[in-house]
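Results of the structural survey
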Amino acid sequence: MRNSATAFAPATVGNVGIGFDILGHTVEAIGDRVQVTRAAERGVRIRAITGVATELPLEADKNTAGRALAALAEAAGLEHGFEMAIEKGIPLGSGLGGSAASAVAAVVAGNALLPRPYSTLELLKFAMQGEAVASGSVHVDNIAPCLFGGLVLTVGVDHPRTKQIPVPPGIRAVLVHPHMFLSTKEARRILSTTVTLSDLVWQCANLAGFISACYTNDLDMIRDAFEDVVVEPQRQALIPGFKAVKQAAMANGALGCSISGAGPTTFAWCLERDAARIAPAMVAAFAAHGLGCDHWISAIEPTGARVID
Ligand code: HSE
């Protein structure tokens, strides 16, 4: 039996605009790596955090990856413990599912060291416990795609059921990450807890339209349905220049543009041929509001977290 395993978990776009807390997709371009090693003493210890975000807690129960791996160890009733090293590839507070990726990579690596490994759906529940540490709530729209890969819808929290939704061929996600930190807790705190009946109807119609259009390769329907009438209007004020960035993406042929997760990363879906025009237009719009950016253009591949070593 192996003593050590390293897993890679990709970044994710949460919500995908219209699917607040239930719809997300992977972004293979960046991700977190976690190495988990068997340790004689019970419990979980974090040996090191390196990479683009090092100011994270080393105490396992305050760390998303530590909490998720502890949940797995506890459920398995292990006689031994785990030590782990986290290499962050996803910037903190970026809206790219960094906390989910660390939690997922930790449970995928830890699972590889078990004599009877858990199913991916069981790993989802352990990783959800880790995600709750970072955002103060249990949501699955980053964790589920991160584990399963591609565009993933999750229904249910206590007994989650996931569905990989087909992405029409030739679709690319353009991600633009302005250099500012946005706290997920804060971006959730500002949301109204009620919606009007009319907004509920629009949001349901748009989510249903978007999903059915993905199954039928209906790009016109994707474009029409790609509108979050509930969360984006409340959060856009947290991201300087968001309206101009969205306008730049749409003017250059995007099918839709919204906030990735809790932001500030802003993403657009488009056809491959338009991506190279849309990305610099979005970057320029952020620059006009004083924000430097990183950007990525990514296919949405159905590949989730995996053991790489
Ligand atoms: N669905 C979550 C949100 C993702 O938008 O608050 C944040 O990780």
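For clarity, every value in this text was computed on a predicted model and none was experimentally measured. (Residues numbered from 1 in each chain as written. Predicted model: local features only at pLDDT ≥ 70, side-chain atom pairs only at ≥ 80, totals over all residues. Heavy atoms only, no water.)

Of the regular secondary structure elements, the protein holds ten helices and eleven strands. For 309 residues, the compact-globule estimate of 2.2 N^0.38 gives 19 Å, and the C-alpha radius of gyration of the protein, at 19 Å, lies within 12% of that figure. With respect to the principal axes defined by its C-alpha atoms, the protein has extents near 60 × 40 × 40 Å. The buried share of the protein, taken over its 309 residues, is 54%. (Helix = DSSP H or I, 4+ residues; strand = E, 2+ residues; numbered from the N terminus. Rg over C-alpha atoms; globule rule 2.2 N^0.38 Å. Buried < 20%, exposed > 50% of the residue type's maximum accessible area, 1.4 Å probe, protein only.)

Looking at the ligand, the residues that line it are Asn 15, Phe 20, Asp 21, His 139, Asp 141, Asn 142, Thr 184, Arg 188, Arg 235, Gly 261 and Ala 262. Separating an oxygen atom of the ligand from a side-chain N or O atom of Asn 15 is a distance of 2.7 Å. Between the ligand and Asp 141 there is a distance of 2.7 Å, counted from a nitrogen atom to a side-chain nitrogen or oxygen. Compared with its free state, where it exposes 260 Å², the ligand has 94% of that area covered by protein. One can see that the ligand is located within the largest pocket. Here the residues of the shell around the ligand sort into two nonpolar, five polar and four charged. Counting only domains with at least three residues in the shell around the ligand, you end up with domain 1 (4-164 + 302-307) and domain 2 (171-298). (Near = heavy atom within 4 Å. Polar contact = N/O pair within 3.5 Å; in protein donor to acceptor, adjacent residues only side chain to side chain. Areas by Shrake-Rupley, 256 points an atom, 1.4 Å probe, with all protein chains shown as cover. 1 Å grid on protein atoms, 1.4 Å probe; cavity = no way out; pocket = protein on both sides within 12 Å on 5 of 7 lines; lining within 4 Å. Sits in = over half its atoms within 2 Å of the grid points. Nonpolar A, V, L, I, M, F, W, Y, C, P; charged D, E, K, R; others polar. Domains from an automatic or database assignment.)

So, about the packing of helix 1 (residues 64-76) against helix 3 (residues 120-135). Viewed as axis vectors pointing N to C, helix 1 and helix 3 meet at an angle of 145 degrees, and their least axial separation amounts to 7 Å. Of the two elements, helix 1 crosses helix 3, and the hand of that crossing is right-handed. Between helix 1, through Thr 64, Arg 67, Ala 68, Ala 71, Leu 72 and Ala 75, and helix 3, the contact on the second element is made entirely by Leu 123, Phe 126, Ala 127, Gln 129, Gly 130, Val 133 and Ala 134. Taken together, the residues of the contact of helix 1 with helix 3 break down into nine nonpolar, three polar and one charged. (Axes fitted to C-alpha atoms, helices over the stretch in contact; angles between N-to-C directions. Left-handed = near helix turned anticlockwise from the far one by under 90°. Contact = heavy atoms within 4.5 Å.)

The domains assigned to the protein are domain 1 (4-164 + 302-307) and domain 2 (171-298). Taking only C-alpha atoms, the centre of domain 1 and the centre of domain 2 are 24 Å apart. Tallying the contact residues gives 32 residues for domain 1 and 35 residues for domain 2. Together, the buried faces of domain 1 and domain 2 total about 2300 Å²; carbon and sulfur atoms form 67% of this surface. Remark: the boundary between domain 1 and domain 2 carries one salt bridge. The shortest N-O distance in the salt bridge between Arg 188 and Asp 21 comes to 2.7 Å. At the boundary of domain 1 and domain 2, one finds nine residue pairs in polar contact (both at pLDDT 80 or more). Counting only elements with at least two residues in the side of domain 1 that touches domain 2, the list comes to strand 1 (4-14), strand 2 (23-39), helix 3 and strand 6 (161-165). Ranked by the residues each element gives to the side of domain 1 that touches domain 2, the list is headed by strand 2, at six residues. (Buried area = accessible area lost by both parts, 1.4 Å probe. Salt bridge = Lys/Arg side-chain N within 4 Å of Asp/Glu carboxyl O.)

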